[in-house]
Amino acid sequence: MDQYRDTVGFAMSTWRKVKAFQAGVRDLERRLPMTEVRDYLASGRREASVPGDIYDEIDRLKELRSAGIRQEMPYAAAQARAAGLTLSEPVLQGYDLMAMPPLDLLKKVPSLGIYRHFIWLGEAEGGFPAP
């Protein structure tokens, strides 16, 4: 991620969502390994050994993440159109699990950089780039 620096500004309300999401992921990381969090996000399968309130928190964070990403997607969609690209619906809705778009795509659609602030990685895994 060091090769990429934000070249666009994001709305203050988006930054508030980033801060809340990252705080939630930090708390979640203390309660459940992030690999299990990502497994749940990818499969939707709940393990009986994991308390239901943890899955509720993951779902809450997933919606917070999607809302923050969606706020920036009108700009990303316009940038993509100008570059002759079309973004998928999961990307536009904030449901794509990508942590960071490829650098060549970021050069054409800089607003996709918001994804790097909503990554499903804990601090121990190198998550949380400085806003």
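I will try to describe carefully the structure that is included in this document.

Analysis parameters
- Residues numbered from 1 in each chain as written.
- Predicted model: local features only at pLDDT ≥ 70, side-chain atom pairs only at ≥ 80, totals over all residues.
- Heavy atoms only, no water.
- Helix = DSSP H or I, 4+ residues; strand = E, 2+ residues; numbered from the N terminus.
- Buried < 20%, exposed > 50% of the residue type's maximum accessible area, 1.4 Å probe, protein only.
- Salt bridge = Lys/Arg side-chain N within 4 Å of Asp/Glu carboxyl O.
- Expected span 1.5 Å × (residues − 1).
- Arc of directions from axis to C-beta.
- Contact = heavy atoms within 4.5 Å.
- 1 Å grid on protein atoms, 1.4 Å probe; cavity = no way out; pocket = protein on both sides within 12 Å on 5 of 7 lines; lining within 4 Å.
- Points joined across faces, edges and corners; volume = space filled by probe spheres on them.
- Nonpolar A, V, L, I, M, F, W, Y, C, P; charged D, E, K, R; others polar.
- Axes fitted to C-alpha atoms, helices over the stretch in contact; angles between N-to-C directions.
- Parallel < 35°, antiparallel > 145°, perpendicular 65-115°, else oblique.
- Left-handed = near helix turned anticlockwise from the far one by under 90°.

1. Some thoughts on the environment of Ala11
Then comes step 1: Considering the arrangement of structural elements, one finds Ala11 in the segment before helix H1 (12-31).
Then comes step 2: Take Ala11: its relative accessible area is 34%, and that puts it in the partly exposed class.
Then comes step 3: Along the sequence, Ala11 and Gly94 sit 83 residues apart, while their C-alpha atoms lie 16 Å from each other.

2. Examining the pattern of salt bridges
Where charged atoms from two side chains of opposite charge come close, those side chains can pair.
Then comes step 1: This model, assessed by the stated rule, comprises 7 salt bridges.
Then comes step 2: Put simply, Arg31 and Asp53 hold a salt bridge, and the shortest N to O gap is 2.7 Å. On the criterion of sequence distance, the pair formed by Arg31 in helix H1 and Asp53 in helix H3 (residues 52-82) is long-range, its members being 22 residues apart.
Then comes step 3: Judged by relative accessible area, Arg31 falls into the partly exposed class, the value being 37%.
Then comes step 4: Between Arg38 and Glu125 there is a salt bridge whose closest N-O contact spans 2.8 Å.

3. A few points about H1
Then comes step 1: Spanning 20 residues, H1 covers 29 Å between terminal C-alpha atoms, matching the ideal 28 Å at 1.5 Å per step.
Then comes step 2: Along H1, the positions that sit buried rather than exposed are Thr14, Val18, Phe21, Gln22, Gly24, Val25 and Leu28. Down the axis of H1, the smallest arc covering the buried residues is 165 degrees, so these residues share one side. Opposite the packed face of H1, turned more than 90 degrees from it, sit the exposed residues Met12, Arg16, Lys19 and Arg30.
Then comes step 3: In this structure, the buried side of H1 is in contact with helix H2 (34-43) and H3.

4. Some thoughts on the side chain of Ser66
Then comes step 1: Tracing the backbone through its elements, the reader meets Ser66 in helix H3.
Then comes step 2: Residue class for Ser66 comes out buried when judged on its relative accessible area of 0%.
Then comes step 3: When near neighbours in sequence (up to four residues on either side) are disregarded, Ser66 contacts Gln93, Gly94 and Tyr95.

5. A few points about H2
Then comes step 1: Regarding H2, the residues found buried are Met34, Val37, Tyr40 and Leu41. Each buried residue of H2 lies within a common arc of 115 degrees when the element is viewed along its axis, so the set occupies one face.
Then comes step 2: In this structure, the buried side of H2 is in contact with H1 and H3.
Then comes step 3: At the C-terminal side of H2, Gly44 shows a positive phi close to 75 degrees.

6. Some details on empty space enclosed by the protein
Then comes step 1: Taken as a whole, this structure holds 1 cavity of 30 Å³ or more when the rule is applied.
Then comes step 2: Space inside the largest cavity adds up to approximately 40 Å³.
Then comes step 3: Taken together, Leu41, Lys62, Arg65, Ser66, Gly94, Tyr95, Leu97 and Trp120 make up the full set of residues lining the largest cavity.
Then comes step 4: At 3 residues, the largest contribution of residues to the lining of the largest cavity is made by H3.
Then comes step 5: Taken together, the residues of the lining of the largest cavity break down into 4 nonpolar, 2 polar and 2 charged.

7. Re the packing of H2 against H3
Then comes step 1: Where H2 meets H3, the axes come as close as 11 Å, and the angle between the chain directions of the two elements is 70 degrees. Compared by their axis directions, H2 and H3 come out roughly perpendicular. Considering the relative orientation of H2 and H3, their crossing is right-handed. Contacts from Val37, Tyr40 and Leu41 in H2 reach Tyr55, Ile58, Asp59 and Lys62 in H3.
Then comes step 2: Its residues assigned to classes, the contact of H2 with H3 shows 5 nonpolar, no polar and 2 charged.

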